[in-house]
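Fold and contact review
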Amino acid sequence: MAEEQRHREDGGGVATAKETLSVTDNRTGESYEVEVDDGTVRAMAFRQMKVSDDDFGLMAYDPAFTNTASCRSSVCFIDGEAGVLEYRGYPIEQLCEQSNYLEVAYLLIYGELPTRDQLDEWVFEITHHTYVHENIKKFVEGFRYDAHPMGMLLATVGALSTFYPAANRIDDPEERHMAGVRMIAKVPTLAAFAYRHNLGLPYVYPDNDLSYPGNFLSMMFKMTEVKYQPDPRLERALDVLWILHADHEQNCSTNAVRGVGSSRVDPYSAVAAGVAALYGPLHGGANEAVLRMLDRIESADNIPAFLEGVKKKDEKLMGFGHRVYKNYDPRARIIKKHVDEVFEVTGRNPKLDIAVELEKRALDDDYFVERKLYPNVDFYSGLIYEALGLPTDMFTVMFAIPRTSGWIAQWLEMVQDTETKIARPRQIYTGERERDFQPIEEREQRVDPPTGEAATSTIDPTKR
Ligand code: CMC
């Protein structure tokens, strides 16, 4: 692009292409010129292409948004081919090396690294909003002892909107800021309460003397000691994991936050939608699946047979492959470095040896090389969570805690974008039309609940 620009500016000998697309509608023979902007065409540009005056016009069909940009964003950049991830232009490797989660949360939300004073104030604000209303505690107590912690987190984040009703003033910058501070501060508290509820243990209140990850470890694991002292190596590993999970552009849960938020609902409700999306096994649940897979493999001797099964497509190598990364997921590379540090504290988990050998063999195998399948962020993160003593149900919650800052950054961008309208896709209607309502006595059974499939028994096929 820069090269092309230079040619244009210095009148370079090479003619540059017009930034338009010519489209001929073969149904009518009409030709149209559609503008190309930032490598995209506006789907609405196709609406003018009609076969008759009363035709609605062409629409784009893209059920999983696999080739549709839904917004302009300056929060997170990914180059999947090159294995690059940047937050606000800063490489993830530098952020993990030199920053911490709260500073990164500030960067994501406000777009720039904070000055010393700004960071101190930000950390102070977050630290002083970690407590939740006592009624939330009672609310958590209402869940069954074995309630999934993600289900509890989803409900309690949504419930926060009832404690802060002014948050629905989303045009007020102060309210927006406070909602962000409150969510980043309180989500770890809600997560830890959910965990303690599952164990039947008393809740541990936040400790303002500790760091953000240190306080979380205290709320999770403090028992009878007067003061919980987190191991600095575990604190750091958690901080790095949370930097890595803070944002990942327009993934399923971020899209959910933006989609729900576009109705101009309060941000707590919008973020609750993100938690719900992350709860799904195709999104936040893969790290759990990696551990189950390593358990099944049991020993390094069984790896060749396991990989043969993967190549025959009997199963998947969990923690490998990514829709966007066609190279080593940069997050996996960073996590791998921290696994050893964590095991120094917690003792080595034999599953790590299986994982390392599995990765080595897969990366030496043509099946994975040809398909550009590399370890993703989830290949090693579950091992760290297990080493920290977390049950697998908590793994997705550990993802939701840091992703909260990404959701808020994306929500803030969305509500301030003048192009934002309520998200409202179109459909291709495939159902019946203009049927006359039948009195109940005259109806025949047409479907078989619960599948909803057409009933085969008594129906006259001409009446379907
Ligand atoms: N194991 C074995 N084969 C695989 C795997 C895998 N993990 N992933 C992809 N393939 C094969 C797939 O079968 C296909 O083969 P073929 O060309 O012979 O049909 C080829 O590679 C291309 O895969 P795809 O299904 O078109 O890729 P996708 O972009 O639709 O899927 C994915 C991406 C992440 C869902 C998939 O790689 C996968 O299921 N991986 C395992 C689950 C996992 O680790 N998920 C965590 C993603 S990272 C967390 C996040 O960022 O949200």
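My aim in this report is to walk through the structure given alongside it, one point at a time. What you see is a predicted model, and the numbers here were worked out from it, not measured in a lab.

Another point: helix α12 (residues 286–297). Over its 12 residues, α12 extends 16 Å from the first C-alpha to the last, a length consistent with the 16 Å expected when each residue adds 1.5 Å. By the criterion of burial, α12 is predominantly enclosed, with nine of the 12 residues buried. Taken as a whole, α12 has its buried residues at Ala 286, Asn 287, Glu 288, Ala 289, Val 290, Leu 291, Met 293, Leu 294 and Ile 297. Contacts from the buried residues of α12 go to α13 (303–311), α15 (350–363), α17 (378–387) and α18 (395–416).

Relative to the helices and strands, Gly 309 is located in helix α13. Each residue touching Gly 309, except ones within four places of it in the same chain, is listed here: Asp 314 and Glu 315.

Turning next to the site of the ligand. Looking at the ligand, there are 21 residues lining it, with Lys 313, Lys 316, Leu 317, Gly 319 and Asn 376 nearest. A distance of 2.9 Å is found between a nitrogen atom of the ligand and a backbone nitrogen or oxygen belonging to Phe 320. Between the ligand and Arg 331, the relevant distance is 3.2 Å, taken from an oxygen atom to a side-chain nitrogen or oxygen of the residue. In the complex, the protein chains occlude 69% of the 940 Å² of accessible area that the ligand would expose alone. Partitioned by chemical class, the residues of the shell around the ligand number eight nonpolar, six polar and seven charged.

On the surface, a nonpolar cluster with roughly 440 Å² of combined accessible area is contributed by Phe 56, Met 59, Tyr 61 and Ile 428. Its place among the elements puts Tyr 61 in the loop between β3 (40–41) and β4 (76–79).

Here the focus is the pattern of salt bridges. What the rule picks out here adds up to 31 salt bridges. Residue Lys 311 is joined to Asp 365 by a salt bridge in which the shortest nitrogen-to-oxygen separation is 2.7 Å. With Lys 311 in helix α13 and Asp 365 in the loop between α15 and α16 (366–370), this pair connects stretches of sequence that are 54 residues apart. Residue Lys 311 is classed as partly exposed on the basis of its relative accessible area of 27%. The partner of Glu 386 in a salt bridge is Lys 351, and the shortest N-O contact between them spans 2.9 Å. Taken together, the positions of Glu 386 in helix α17 and Lys 351 in helix α15 put the pair 35 residues apart, joining distant regions of the chain. Sharing partners across several salt bridges, the network here consists of Asp 37, Asp 38, Arg 42, Arg 72 and Glu 419.

Before going further, it helps to examine helix α8 (residues 212–221). Counting buried positions along α8 yields nine of 10 residues, so the element is predominantly enclosed. Within the span of α8, buried status applies to Tyr 212, Pro 213, Gly 214, Asn 215, Phe 216, Leu 217, Ser 218, Met 219 and Met 220. Against the buried residues of α8 lie α3 (101–110), α4 (116–127), α7 (173–199), α9 (232–244) and α18. The N-cap residue of α8 is Ser 211: its side-chain oxygen and the backbone nitrogen of Gly 214 are 2.9 Å apart.

Conventions and cut-offs
Residues numbered from 1 in each chain as written. Predicted model: local features only at pLDDT ≥ 70, side-chain atom pairs only at ≥ 80, totals over all residues. Heavy atoms only, no water. Helix = DSSP H or I, 4+ residues; strand = E, 2+ residues; numbered from the N terminus. Expected span 1.5 Å × (residues − 1). Buried < 20%, exposed > 50% of the residue type's maximum accessible area, 1.4 Å probe, protein only. Contact = heavy atoms within 4.5 Å. Near = heavy atom within 4 Å. Polar contact = N/O pair within 3.5 Å; in protein donor to acceptor, adjacent residues only side chain to side chain. Areas by Shrake-Rupley, 256 points an atom, 1.4 Å probe, with all protein chains shown as cover. Nonpolar A, V, L, I, M, F, W, Y, C, P; charged D, E, K, R; others polar. Patch = residues over 30% accessible without salt bridge, like charges linked within 9 Å, V, L, I, M, F, W, Y side chains within 5 Å. Salt bridge = Lys/Arg side-chain N within 4 Å of Asp/Glu carboxyl O.

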